[in-house]
Amino acid sequence: MTRVGLFADSHGDCGSLFRLLEQMGYLDAVCFMGDVAPDAAYLRDVLSAMPNEPPLYAVRGNNDPVSVLPDELLIELGGKRIYMTHGHRCAGALGLLYRAQEHGAQIALFGHTHEPVCESTDGVLLVNPGSAGRYCRGGRPRAKLMEIDRGQVRVRDILL
């Protein structure tokens, strides 16, 4: 089984990032969908101190204009092709779906709206973990834990 922590839109709230990460337990990788880039550096430092040193995959958000992070990434985890972006450059969910399909991805990870999403559309699982920061819509910092096991994907909410 491959366990992946999904984070977005922490906006400088590293304390919430750390507590959400703690709740997830063992992870094989972490994906950060932007806003704010220094939070990705914080996550990288925390992950490097873990015994298995899970890799961090990160993209920049609309509040990261000078970041060296890419606007989008295409990765493979647990046998699934995953498209990552913040979402501010996509024309809504349909634009995100088309970009993921163009890249042959089965999963599209995004942020930007601060609203959690987990829905399958035209063969692509669209996942927004919601806002990991204290300034999120809904009032509670949140993330998602994605588990990929023998081709099956399960996504769970992690809330503070």
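Here the structure is a predicted model, which is why all the values come from computation and not from measurement.

A. Expanded view of the pattern of salt bridges. Under the criterion given, the structure shown has 10 salt bridges. Asp-71 is the partner of Arg-60 in a salt bridge, and the nearest nitrogen-oxygen pair spans 2.8 Å. Of the two residues, Arg-60 is situated in the loop between strand S3 (56-58) and strand S4 (72-77) and Asp-71 in the loop between S3 and S4; the sequence distance between them amounts to 11 residues. Owing to a relative accessible area of 26%, Asp-71 belongs among the partly exposed residues under this scheme. The salt bridge partner of Glu-147 is Arg-156, with a shortest N-O separation of 3.8 Å. Residue Glu-147 is classed as buried on the basis of its relative accessible area, which comes to 8%. Note on Arg-156: relative accessible area 33%, which makes it partly exposed.

B. Quick look at helix H3 (residues 92-102). Three or more residues of H3 are buried, namely Gly-95, Leu-96, Leu-97 and Ala-100. As for H3, its buried residues are in contact with strand S5 (80-85), strand S6 (107-109), strand S7 (117-121) and strand S8 (124-128). The positive-phi residue at the C-terminal boundary of H3 is Gly-104, with phi of around 70 degrees.

C. Geometry of the environment of Pro-141. Mapped onto the elements, Pro-141 comes out in the loop between S8 and strand S9 (142-149). Put simply, Pro-141 and Leu-17 are 124 residues apart on the chain and 8.4 Å apart in space, counted from C-alpha to C-alpha.

D. Molecular detail of the nonpolar core. Judged by nonpolar contacts, the single largest core of 20 residues is most densely connected at Phe-7, Leu-21, Met-24, Val-30, Phe-32, Leu-43 and Leu-56. Elements represented by at least two residues in this core include exactly helix H1 (14-24), strand S2 (29-32), helix H2 (37-48), S3 and S9. By residue number, the principal contributor to this core is H2, which donates five residues. Among all residues touching Leu-56, those that are not within four sequence positions of it are Val-30, Phe-32, Ala-40, Leu-43, Arg-44 and Leu-47.

E. Region of the structure containing the sheet that holds S4. Pairing is mixed in the open sheet, where five strands are placed in the order S4-S5-S6-S8-S7. Across the chains shown, the open sheet's two edge strands, defined by having one partner strand only, are S4 and S7. The sheet shows a mean angle of 20 degrees between the axes of neighbouring strands, direction not considered. Here three bridges tie S5 to S6, and the two strands are oriented parallel to one another. Bridge pairing in S6 links Ile-82 to Ile-107. Against the sheet, H3 touches S4, S5, S6, S7 and S8, its axis set at about 125 degrees to S8.

F. Geometry of the state of the cysteines. Under the criterion given, the structure shown has zero disulfides. The thiol of Cys-90 is unpaired, and the distance to the nearest cysteine sulfur, on Cys-31, comes to 16 Å. Cys-118 takes part in no disulfide bond, and the closest cysteine sulfur, belonging to Cys-31, lies 14 Å away. The class for Cys-118 is partly exposed, based on a relative accessible area of 41%.

Calculation criteria
Residues numbered from 1 in each chain as written. Predicted model: local features only at pLDDT ≥ 70, side-chain atom pairs only at ≥ 80, totals over all residues. Heavy atoms only, no water. Salt bridge = Lys/Arg side-chain N within 4 Å of Asp/Glu carboxyl O. Helix = DSSP H or I, 4+ residues; strand = E, 2+ residues; numbered from the N terminus. Buried < 20%, exposed > 50% of the residue type's maximum accessible area, 1.4 Å probe, protein only. Contact = heavy atoms within 4.5 Å. Core = buried A, V, L, I, M, F, W, Y, C linked by side-chain atoms within 4.5 Å. Pairing = 2+ DSSP bridges. Axes fitted to C-alpha atoms, helices over the stretch in contact; angles between N-to-C directions. Disulfide = S-S within 2.5 Å.

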